[in-house]
Amino acid sequence: MADAIVHGGNLHAAAQRYGIAYAQWLDLSTGINPHGYPVPPVPAEAWRRLPDEGDDFAACAAHYYGAPDAQHVLPVAGSQAAIRALPQLLPRAAVAIAPLTYSEYAPAFERAGHRIVPLDLACDTLPDDVTHAVVVNPNNPTADHLSAAKLLQWHAQLAARGGTLVLDEAFADALPAAASLAAYTDRPGLVVLRSPGKFFGLAGVRAGFVLGEPALLGRLRDLLGAWTVSGPARHAVNAAFKDLVWQSEMRAQLATASARLTRLLQAQRFSIHSTPLFAWTADPRAVGLHHALASRGIWTRLFPVSASVRFGLPGTEHEWLRFEQALSESLSAIDTRAG
């Protein structure tokens, strides 16, 4: 039986392991915006009625993401649902996936009968035996960001082979619109996954979007079934997509917070790679630091195979000061044990 996939946000497991009450933890393990969108009150009809799939939800998403039109957008119950289902709809073949990226992709493609090969993000030409590729852009957790030009080049290579480029842009909302390939999803062999969970801090609504050709989206809709996104979730996400003032102000706020996190970690001699929502470092101290912070009630995302750790953003000044103090104490404890 395959090992369970570990994700951030697993505070109950952390509380049990370290003997610290759940409410006392500072969770920096997810990369979710700690300043979530202030959802307006949910109309009573959203609770009482079945979701109306003839509403403007897909059109609103198409406008926000810059997709060609609503026919190229399929709302789903979080991008996780699409990650599990999409491999079943693609011809079985070799799929290139980066060794360190979002951990759900490789198992999902393997379960559907595909063969996984490592993807070198630095290459210009994909190997001849690769039919499909999965790219998380910016990558989670390493924060690698590939240009739209390079991704379109890869897509052209795969499309010529009858293959597909699956592009996960879960962390792209805080970046310039030009970083996205949403506008190109009318091209055969290109699928883009988007999620309001990270930038808008709405992970709990379990809503996501698949952007691609209508024929493929129709097959995916048939596989996933009806009413994949609830009425209250549609209300919350629609409001967030239409609030341009909040989006602009939040992008500026996240840029400031990200720079603060980077400076804090660089001051402790960490080499940092970051997006506006998280920072990542591969460092010999990563494992020890993760455990030392956890013993102080601060939960980060550890990647033990690569000896690396990812940090999300604290949400309040009190949390920033708590993290800064715990970081200093943890590194001192690590140095003492090493000495």
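A quick note: this is a predicted structure, and the numbers were derived from the prediction, not measured. (Residues numbered from 1 in each chain as written. Predicted model: local features only at pLDDT ≥ 70, side-chain atom pairs only at ≥ 80, totals over all residues. Heavy atoms only, no water.)

Moving on to the pairing of strand β13 (residues 308–312). Counting buried residues along β13, five of its five residues qualify, which places the element largely inside the surrounding structure. Covered by surrounding structure in β13 are Ser308, Arg310 and Gly312 together with Val309 and Phe311, the residues of both alternating faces. Bridge count for strand β12 (residues 301–303) against β13 is three bridges, and the pairing is antiparallel. Directly across from Arg301, in β13, lies its bridge partner Arg310. If you look at the hairpin formed by β12 and β13, you'll find four residues sitting between the two strands, and Ala307 has a positive phi there, around 50 degrees. (Buried < 20%, exposed > 50% of the residue type's maximum accessible area, 1.4 Å probe, protein only. Helix = DSSP H or I, 4+ residues; strand = E, 2+ residues; numbered from the N terminus. Pairing = 2+ DSSP bridges.)

Side chains of strand β8 (residues 208–211) alternate between two faces, with Gly208 and Val210 and Phe209 and Leu211 buried alike. In this sheet, β8 lies alongside strand β2 (residues 73–76) in antiparallel orientation, the contact comprising four bridges. Paired with Leu74 across the strands is Val210, a residue of β8. Relative to β8, strand β7 (residues 190–194) is paired through three bridges, and the arrangement is antiparallel. Residue pairing for β8: Val192 is matched across the bridge by Leu211.

Per the stated rule, a full pass over the model turns up ten salt bridges. The partner of Glu169 in a salt bridge is Arg194, with the nearest N and O atoms 2.8 Å apart. Of this pair, Glu169 sits in the loop between β6 (164–168) and β7 while Arg194 sits in strand β7, placing them 25 residues apart in sequence. The class for Arg194 is buried, based on a relative accessible area of 4%. Across the pair Asp173 and Arg194 runs a salt bridge whose closest N-O atoms are separated by 3.3 Å. With Asp173 in the loop between β6 and β7 and Arg194 in strand β7, this residue pair connects regions lying 21 residues apart in the sequence. The residues Asp173 and Arg194 share a single accessibility class, namely buried. (Salt bridge = Lys/Arg side-chain N within 4 Å of Asp/Glu carboxyl O.)

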